[in-house]
Amino acid sequence: MKIIVNGDPLDSDAPTLAQLLEQLGKADAKVATSVNEGFVPKTQRADTPLHDGDRIEIVAPRQGG
Amino acid sequence: MPTFYNTKVTSRLMLGTAQYPSPAILAEAFRQSGAGIATVSVRREAGGEQAGQDFWALIEDLGVAVLPNTAGCHSVREAITTAQMARDLFETNWIKLEVIGHADTLQPDPFGLVEAAQHLTDDGFEVFPYCTEDLVLCDRLVEAGCKVLMPWGAPIGTGLGLNNVYGLRSLRAHFPDVPLVVDAGLGLPSQAAHAMELGYDAVLVNTAVAKAGDPVAMAQGFARAVEAGALAAQADPMDPRDMAAPSTPVFGKAFL
C-alpha cells in the first residue's frame, strides 16, 4: 500500500503504526505520531491499523523559542 | 521566584533553544545564565536522521524544566494536535500555546487562542498562552483556565523591546496574582530589566541571546538584568518628578 510519511510517499506493508515505526528504525526513538491529522498516543500505536493513502506524521524534539 | 502551575522555578529567565551557533554554545548559555526553563518544539525527523534524538539528549543533560511550544500553528486544530504530540513526547502537561494570526507580525490570533486554551485546559494541559497585552483577551484566557499569561513585548525576533509599556503596566495592575511573563520581542537586557521593574515575573528570550555575537555573555547579561529589575520592583521605586530636588542637604552649607 502507498502511504505518506512526513509528506513523502512510501510503499509499506506495515499493518500498524507501531510496525511502521519499527520498519523505519524508530521503534525506540523519542517521537510522537499522528495519522490523517489525528494524534495517536504512543500507547495506541500497536492498535492503530494503517490503510492505503494514510498520511502519517512522525515528529521528534527540536529547537524552539 | 515565580510559581507556574504549582512549580516554583529557579530563575526569572526562560530561554529558547533555537538559532544558536552550536549545541555547545546553547548548553553554555544555559549553564552560565542559570536559566531554569527551556522552550522546545516538535518537528519532523527525516528517515535516518538523529537530530531530534541528539537535541533531546543535550536538553536532558541541562537538567532544566522543558516548555514545549506550538510554534508555527495557525489554526486551533493544528495547535491542539501539536500540543497533544508534545505532551506525548516530552511527558509534561506544560504547553506554550501559540496560535498565530498574522504571517508578517506573528501576532497571536486572540480568538483561536482562547478556543485552543479552553480545549487544552479541559484536556488537562497547563497552558502558557503567547498572547498580546490586550486586557480583554487576557481576561478570557484566565477564564479559560490559564494560570500564567505570556504577553509579547514586540513581535517575535524583532528585538524592539516593550512596544506598549502602558498596556503591559495595565495588565500587571489588572492581574496582580497571575504570573506574567514577557515573551517575545526583547533585544537587550535593559528591556528585560524594564519588564521586571513593571512587576513582571519572568521573561522569555531566544533570538536576542542566540543571535548575539557572544550568546553566552548575552545570556548572562539577561540573567543579571532580570535580577536587577526584580530587586527594583521589590524595593518600591521613588516617584519621578519634574523639578530638581537637591540630594545634598542645603542646611549647614557655608555662607560664602
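Residues numbered from 1 in each chain as written. Chains lettered and ligands numbered in written order. Predicted model: local features only at pLDDT ≥ 70, side-chain atom pairs only at ≥ 80, totals over all residues. Heavy atoms only, no water.

Digging into the sheet that holds strand β7 (residues 126-131) of chain B
Residue and element names in this part refer to chain B.
Alright, step 1. In spatial order, the strands read β6-β7-β8; together these 3 strands make up an open sheet with parallel pairing. Edge positions in the sheet fall to β6 (94-97) and β8 (150-151), since each of these pairs with one other strand and no more.
Alright, step 2. Pairing analysis gives 2 bridges linking β7 to β8, with the strands arranged parallel. Its bridge partner being in β8, Tyr130 is matched across the sheet by Met150. (Pairing = 2+ DSSP bridges. Helix = DSSP H or I, 4+ residues; strand = E, 2+ residues; numbered from the N terminus.)

Let's talk about the pattern of salt bridges
All names here are of chain B.
Alright, step 1. Enumeration over the complete set of coordinates arrives at 10 salt bridges over all chains.
Alright, step 2. Close ionic contact of Glu28 with Arg31 constitutes a salt bridge, the shortest N to O distance being 3.6 Å. Separated by 3 residues within a single helix, Glu28 and Arg31 lie in helix α1 (residues 23-33), roughly one turn from each other.
Alright, step 3. Given the relative accessible area of 28%, Glu28 is considered partly exposed.
Alright, step 4. What makes Arg31 exposed here is its relative accessible area of 52%. (Salt bridge = Lys/Arg side-chain N within 4 Å of Asp/Glu carboxyl O. Buried < 20%, exposed > 50% of the residue type's maximum accessible area, 1.4 Å probe, protein only.)

Points about the side chain of Thr39(B)
Alright, step 1. Along the polypeptide, Thr39(B) turns up in strand β4 (residues 37-44).
Alright, step 2. Under the relative-accessibility criterion, Thr39(B) is labelled buried at 0%.
Alright, step 3. A polar contact is formed between the side chain of Thr39(B) and the backbone oxygen of Gly65(A), at a distance of 3.3 Å. (Polar contact = N/O pair within 3.5 Å; in protein donor to acceptor, adjacent residues only side chain to side chain.)

Overview of the environment of Val114(B)
Alright, step 1. Within the element layout of this structure, Val114(B) appears in helix α4 (residues 110-122).
Alright, step 2. Once residues within four sequence positions are removed from consideration, Val114(B) is found in contact with Leu137(B), Arg140(B), Leu141(B) and Ala144(B). (Contact = heavy atoms within 4.5 Å.)

Brief notes about the side chain of Lys30(A)
Alright, step 1. Here Lys30(A) lies in the loop between α1 (17-23) and β3 (32-35).
Alright, step 2. Glu91(B) is the oppositely charged side chain nearest to the buried, salt-bridge-free Lys30(A), at an N-O distance of 4.9 Å.
Alright, step 3. Not counting chain neighbours up to four residues away, the residues in contact with Lys30(A) comprise Val59(A), Ala60(A), Pro61(A), Gln53(B), Trp56(B), Leu89(B) and Phe90(B). (Lys, Arg positive; Asp, Glu negative; His and termini not counted.)

Considerations on the packing of α1(B) against helix α2 (residues 51-62) of chain B
Residue and element names in this part refer to chain B.
Alright, step 1. Two elements in contact, α1 and α2, have axes whose closest approach is 10 Å; the angle formed by their N-to-C orientations is 20°. When the axis of α1 is compared with that of α2, the two are roughly parallel. Two packed elements cross with a definite hand, and for α1 against α2 that hand is right-handed. Side by side, α1 and α2 meet where Pro23, Leu26, Ala27, Phe30 and Arg31 of the first sit next to Phe55, Leu58 and Leu62 of the second. (Axes fitted to C-alpha atoms, helices over the stretch in contact; angles between N-to-C directions. Parallel < 35°, antiparallel > 145°, perpendicular 65-115°, else oblique. Left-handed = near helix turned anticlockwise from the far one by under 90°.)

Quick look at the pairing of strand β10 (residues 202-205) of chain B
All names here are of chain B.
Alright, step 1. Burial along β10 is two-sided: Ala202 and Leu204 facing one way and Val203 and Val205 facing the other are all buried.
Alright, step 2. For strand β3 (residues 13-16) and β10, the ladder comprises 3 bridges, and the chain directions are parallel. Each residue of the ladder has a partner; that of Leu13, found in β10, is Val203.
Alright, step 3. The sheet contact formed by strand β9 (residues 181-183) and β10 spans 3 bridges and is parallel. Counted as the bridge partner of Val182 is Val203 from β10.
Alright, step 4. Following the chain from β9 across helix α7 (residues 189-197) to the adjacent parallel β10, one finds a crossover that is right-handed. (Right-handed = clockwise from strand over helix to strand, strands pointing away.)

Notes on the packing of aromatic side chains
Residues and elements named next belong to chain B.
Alright, step 1. Going through the model one piece at a time under the given rule, you end up with 4 aromatic pairs over all chains.
Alright, step 2. Each ring, one from Trp94 and one from Phe128, has its centre 4.9 Å from the other, and the planes form 55°; the classification is tilted. Placement of the pair is Trp94 in strand β6 and Phe128 in strand β7, with a sequence separation of 34 residues.
Alright, step 3. Judged by relative accessible area, which is 7%, Trp94 ranks as buried.
Alright, step 4. According to the relative accessible area criterion, Phe128 is buried, its value standing at 0%.
Alright, step 5. The cationic tip of Arg172 hangs over the ring face of Tyr200; the distance from NZ or CZ to the ring centre is 6.0 Å. (Phe/Tyr/Trp six-rings, centres within 6.5 Å; stacked < 30°, edge-to-face > 60°. Lys NZ or Arg CZ within 6 Å of the ring centre and 35° of its normal.)

Considering α1(B)
Residue and element names in this part refer to chain B.
Alright, step 1. Of the positions making up α1, those classed as buried are Leu26, Ala27, Ala29, Phe30 and Ser33. Buried positions in α1, seen along its axis, are confined to an arc of 155° and lie on one side of it. Projecting away from the buried face of α1 at angles above 90 degrees are the exposed residues Ala24 and Arg31.
Alright, step 2. Taken together, the buried residues of α1 touch β3, β4, α2 and α9 (215-234).
Alright, step 3. Gly34 sits one or two residues past α1 and shows a positive phi near 75°. (Arc of directions from axis to C-beta.)

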